[in-house]
Amino acid sequence: MTDTVSLTLAKRRSEILAELSAAAHPAPVLVAVSKTQPDEKLEAMLAAGQRVFGENKVQEAQAHWADRRAKYPDLELRLIGPLQTNKSEDAVALFDVIETLDREKLARALAKAMDKLDRRVPVFIQVNTGEEPQKAGVLPDDLEALLACAREECGLDVQGLMCIPPVDEPAGPHFALLAKLAKRHGLTGLSMGMSSDYAVAASFGSTHVRVGTALFGAR
Ligand SMILES: *Cc1c(COP(=O)(O)O)cnc(C)c1O
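Residues numbered from 1 in each chain as written. Predicted model: local features only at pLDDT ≥ 70, side-chain atom pairs only at ≥ 80, totals over all residues. Heavy atoms only, no water.

Caption draft 1: Quick look at the environment of Lys35. As for its position among the elements, Lys35 is in the loop between strand 1 (29-33) and helix 2 (39-47). Between the C-alpha atoms of Lys35 and Leu101, which are 66 residues apart in sequence, the distance is 19 Å. (Helix = DSSP H or I, 4+ residues; strand = E, 2+ residues; numbered from the N terminus.)

Pasting the structure below:
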């Protein structure tokens, strides 16, 4: 990796941080989505000071981060992709936050994994705000029941909600809906906003924007 690339990534990061600061007070946390990125770019982003990263696959996240933990004890790893119940233990062992809880079966599997590993990992619930059949996430109408299961039956620390708006619609109404649902249920975390709409998400009260392409370049 040339120095030029490191400089480019550092510059993109500081520009995005500045945009986020201009869009909201306090500014949301920038989650650098490092899926499919080569080691050189991960190192460049770490060198630029980035410590919060999002990954959407457990195995790839292990390959990216398991060995880097020792060198960067202040890393925060967030799972932002769908999780199969049989990967719950691996996910609990690696991640600091799991953003994609979307069904009761997974809530139970995560609780069991946390008990077994004696490691409490906070979660966000993914909400399918666009009610798209192919998309992960609990439907807005089913959120209350899942939340009750996660909190009361499973004893999970639910910190917020996450959404991925439909690609072909303006994101604003989806961000507004997610913020409304979070408020109704006393949740303060809002993971919303990606490369194309992180500033919009910040203006709707996002606490965590998940940015890949705008930070690292095309995947
Ligand atoms: C890949 C991914 C992102 C980042 O997408 P960009 O458009 O590259 O910023 C954000 N959230 C989730 C859930 C993703 O899978």
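From this point, things continue past the structure.
Caption draft 2: Quick look at the environment of Gly186. Along the chain, the position of Gly186 falls in the loop between helix 8 (172-184) and strand 7 (189-191). The exposure class of Gly186 is exposed, given its relative accessible area of 60%. Along the primary structure Gly186 and Ala66 are separated by 120 residues, whereas in three dimensions their C-alpha atoms are 34 Å apart. (Buried < 20%, exposed > 50% of the residue type's maximum accessible area, 1.4 Å probe, protein only.)

Caption draft 3: Focus on the pattern of salt bridges. Summed over all chains, the structure comprises 14 salt bridges. We note a salt bridge from Arg78 to Glu99, for which the minimum N-O separation is 2.6 Å. Here Arg78, found in strand 3 (residues 76-79), pairs with Glu99, found in strand 4 (residues 97-101); they are 21 residues apart in sequence, far enough to count as distant. Judged on exposure class, the residue Arg78 and its partner Glu99 are both buried. Residue Lys116 pairs with Glu89 through a salt bridge whose shortest N-O separation is 3.2 Å. Placement of Lys116 in helix 6 (residues 104-117) and of Glu89 in helix 5 (residues 88-94) is noted, with a sequence separation of 27 residues between them. We classify Lys116 as exposed; its relative accessible area is 62%. Under the relative-accessibility criterion, Glu89 is labelled partly exposed at 34%. Each of Asp39, Glu43 and Arg68 takes part in a single network of salt bridges with overlapping partners. (Salt bridge = Lys/Arg side-chain N within 4 Å of Asp/Glu carboxyl O.)

Caption draft 4: Local environment of the packing of aromatic side chains. Considering all chains together, one arrives at two aromatic pairs under this definition. Measuring from ring centre to ring centre gives 4.4 Å for Phe53 and Trp65, while their planes differ by 40°; the resulting arrangement is tilted. Residue Phe53 is found in strand 2 (residues 52-55), and its partner Trp65 is found in helix 3 (residues 58-65); the two are separated by 12 residues along the sequence. Taking the relative accessible area as the measure of exposure, Phe53 reaches 0% and is therefore buried. Note that Arg68 overlies the ring of Trp65, its terminal NZ or CZ placed 5.9 Å from the centroid. (Phe/Tyr/Trp six-rings, centres within 6.5 Å; stacked < 30°, edge-to-face > 60°. Lys NZ or Arg CZ within 6 Å of the ring centre and 35° of its normal.)

Caption draft 5: Quick peek at the site of the ligand. Neighbouring the ligand are 13 residues; Lys35, Ser195, Gly212, Thr213 and Arg219 lie closest to it. Ser195 is positioned such that a nitrogen or oxygen atom in its side chain is 2.5 Å from an oxygen atom of the ligand. Contact between the ligand and Arg210: a nitrogen atom at 2.9 Å from a side-chain N or O atom of the residue. When the residues that make up the shell around the ligand are grouped by side-chain class, the tally is six nonpolar, four polar and three charged. (Near = heavy atom within 4 Å. Polar contact = N/O pair within 3.5 Å; in protein donor to acceptor, adjacent residues only side chain to side chain. Nonpolar A, V, L, I, M, F, W, Y, C, P; charged D, E, K, R; others polar.)

Caption draft 6: Up close: the side chain of Asp197. Note on placement: Asp197 falls in the loop between strand 7 and helix 9 (198-203). For the buried Asp197, no salt bridge is present, and the opposite-charge side chain at shortest range is Arg210, 7.3 Å distant. In this structure the side chain of Asp197 is engaged in a polar contact, spanning 2.7 Å, whose partner is the backbone nitrogen of Met194. The contact partners of Asp197, leaving out residues within four places of it in the chain, are Ala171 and Phe175. (Lys, Arg positive; Asp, Glu negative; His and termini not counted. Contact = heavy atoms within 4.5 Å.)

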